[in-house]
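# Summary of structural features
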Amino acid sequence: LQRTNMLHAKPVATPLAASPKLTLNSGPPLPDPTEYRRVVGSLQYLALTRPDVSYAVNRLSQFMHKPTLDHWNAVKRVLRYLSGTLSHGIYLKKQKTPLLHAYSDADWAGDSDDYVSTNGYIVYLGTHPLSWSSKKQQGVARSSTEAEYRAVANTAAELRWMCSLLTELGVTLPSSPTIYCDNIGATYLCANPVFHSRMKHIALDYHFVRGQIQNQALRVIHVSTHDQLADGLTKPLPRTSFQTLRDKIGVTKVPPS
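Here goes a summary of the coordinates provided.

Here is what the cut-offs are and how they apply
- Residues numbered from 1 in each chain as written.
- Predicted model: local features only at pLDDT ≥ 70, side-chain atom pairs only at ≥ 80, totals over all residues.
- Heavy atoms only, no water.
- Helix = DSSP H or I, 4+ residues; strand = E, 2+ residues; numbered from the N terminus.
- Rg over C-alpha atoms; globule rule 2.2 N^0.38 Å.
- Buried < 20%, exposed > 50% of the residue type's maximum accessible area, 1.4 Å probe, protein only.
- Contact = heavy atoms within 4.5 Å.
- Areas by Shrake-Rupley, 256 points an atom, 1.4 Å probe, with all protein chains shown as cover.
- Salt bridge = Lys/Arg side-chain N within 4 Å of Asp/Glu carboxyl O.
- Core = buried A, V, L, I, M, F, W, Y, C linked by side-chain atoms within 4.5 Å.
- Pairing = 2+ DSSP bridges.
- Axes fitted to C-alpha atoms, helices over the stretch in contact; angles between N-to-C directions.
- Phe/Tyr/Trp six-rings, centres within 6.5 Å; stacked < 30°, edge-to-face > 60°.
- Patch = residues over 30% accessible without salt bridge, like charges linked within 9 Å, V, L, I, M, F, W, Y side chains within 5 Å.
- Disulfide = S-S within 2.5 Å.

### Quick word on the overall build of the protein chain
- The number of helices and strands found in the protein chain is seven helices and seven strands.
- For the protein chain, the α and β elements follow one another from N to C terminus as α-α-α-β-β-β-β-α-β-α-α-β-α-β.
- Relative to the globule expectation of 18 Å for 257 residues, the C-alpha radius of gyration of the protein chain, 19 Å, shows essentially globular dimensions.
- A principal-axis box enclosing the C-alpha atoms of the protein chain has dimensions of 55 × 50 × 30 Å.
- Here the protein chain holds 257 residues, and the buried ones make up 48% of them.
- Expressed as a percentage of contacts within the protein chain between residues at least 6 apart in sequence, the contacts between residues at least 24 apart total 76%.
- Total accessible area on the protein chain is roughly 13,600 Å²; 55% of this is exposed by carbon and sulfur atoms.

Here it is as structure tokens:
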């Protein structure tokens, strides 16, 4: 913030405006994109400890090759949001028998340039967020169920790695980790022992998740969209929804030590 002379900028409530959507060609191109790339590169490091800016940073990183004035204004909006939340962070405290669980979500065809969906997940140990991601999928999904199922598969891979790490650290989990997904079709597909003929194009993801569920190493449970904590990692949200979700995922004003 000091380097960009934004330390005392007027704060905003959200890091990214819900509308209009940013596109590759929105606004005139910047004559020199160096500063844009430098600031977004710094924000990528910050997103490692601030899940509330993960989606905004992921979205702005997609314009590195050809940033425009609109993109630069969006970067300055993220900086204005950070200037008002300097004391916010993830507060860690001691817990008894913490459970490992994750929230998985996808914004189907949310990119108006190429209609690729965005994955988002956040992994918790008890009430503490340990790992999160906001990332575009590899290809276009033909249905919301397919997009959500791909997101579940990515989350399952992260949980598998997390379980391996906890085992090495000598941490014993009281039960199998759980993934909460707000898409009924994807949840049913996880539980269905019969492989659906229309889903052959995602066979690898299907068998990867099914194998973990059959081995009782994973559970996938449906959760209401209103309780989906990964929603803010897949799309920009209005002010009220964003602030409510930010508190729920564990990014709060950290008490003085």
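Next comes the rest of the description.
### Re the pattern of salt bridges
- The tally for this structure, following the rule as stated, stands at eight salt bridges.
- Taking the shortest distance from any N to any O, the salt bridge between E146 and R150 comes out at 2.8 Å. Of the two residues, E146 and R150 are both situated in helix α4 (residues 144-168); the distance of four residues between them amounts to about one turn of the helix.
- Overlapping salt bridges, with partners in common, bring together R59, D111, D114 and K136 in one network.

### Here we look at the nonpolar core
- In this structure, Y36, L43, L60, V75, I122, L229 and I249 are the most contacted members of the largest nonpolar core, which totals 36 residues.
- Elements that contribute at least two residues to this core include exactly α1 (34-46), α2 (54-61), α3 (69-83), β3 (118-125) and α7 (239-249).
- Broken down by element, the residue count for this core peaks at seven residues, all from α3.
- Discounting residues that sit within four places of it in the chain, L43 has contacts with V57, V75, V78, L79 and L82.

### Digging into the sheet that holds strand β2 (residues 100-107)
- The mixed open sheet is built from five strands, whose spatial order is β4-β3-β2-β5-β6. Either end of the sheet is taken by a strand with one partner, and the two such strands are β4 (128-136) and β6 (219-222). On average, each strand axis in the sheet is tilted by 20° relative to the strand beside it, whichever way the strands run.
- For β3 and β4, the ladder comprises eight bridges, and the chain directions are antiparallel. Bridged to L125 within β4 is H128.
- Sheet strands in contact with α4 are β2, β3, β4, β5 (178-181) and β6, and its direction is about 155° off that of β2.

### Here's the deal with α2
- Where burial is concerned, most of α2 is hidden: seven out of the eight residues are buried.
- Within the sequence span of α2, burial applies to S54, Y55, A56, V57, N58, R59 and L60.
- Lining the buried residues of α2 we find α1, α3, β3 and β4.

### Re the packing of aromatic side chains
- According to the stated counting rule, one finds three aromatic pairs in the structure shown.
- Ring centres 5.6 Å apart and planes at 75° place the aromatic pair Y81 and F242 in the edge-to-face group. Remark: F242 occurs in helix α7 and Y81 occurs in helix α3; sequence separation between them is 161 residues.

### A word on a nonpolar patch on the surface
- Taken together, the side chains of W161, L165, L169 and V171 present a nonpolar region at the surface, about 390 Å² in accessible area.
- Assignment of secondary structure puts V171 in the loop between α4 and β5.

### Notes on the environment of V171
- Given a relative accessible area of 35%, V171 falls into the partly exposed group.
- V171 sits 30 residues away from A141 along the chain, and the two C-alpha atoms are 37 Å apart.

### Remarks on the state of the cysteines
- For the structure shown, the criterion picks out zero disulfides.
- Lacking any disulfide linkage, C163 is separated from the closest cysteine sulfur, that of C190, by 16 Å.
- Of the cysteine sulfurs around C190, a residue in no disulfide, the closest is that of C181, at 6.8 Å.

### Regarding the side chain of Q212
- Its location among the elements puts Q212 in helix α6 (residues 203-214).
- A relative accessible area of 10% means that Q212 is categorised as buried.
- With residues near it in sequence (within four places) discarded, Q212 still touches A156, R160, A217 and L218.

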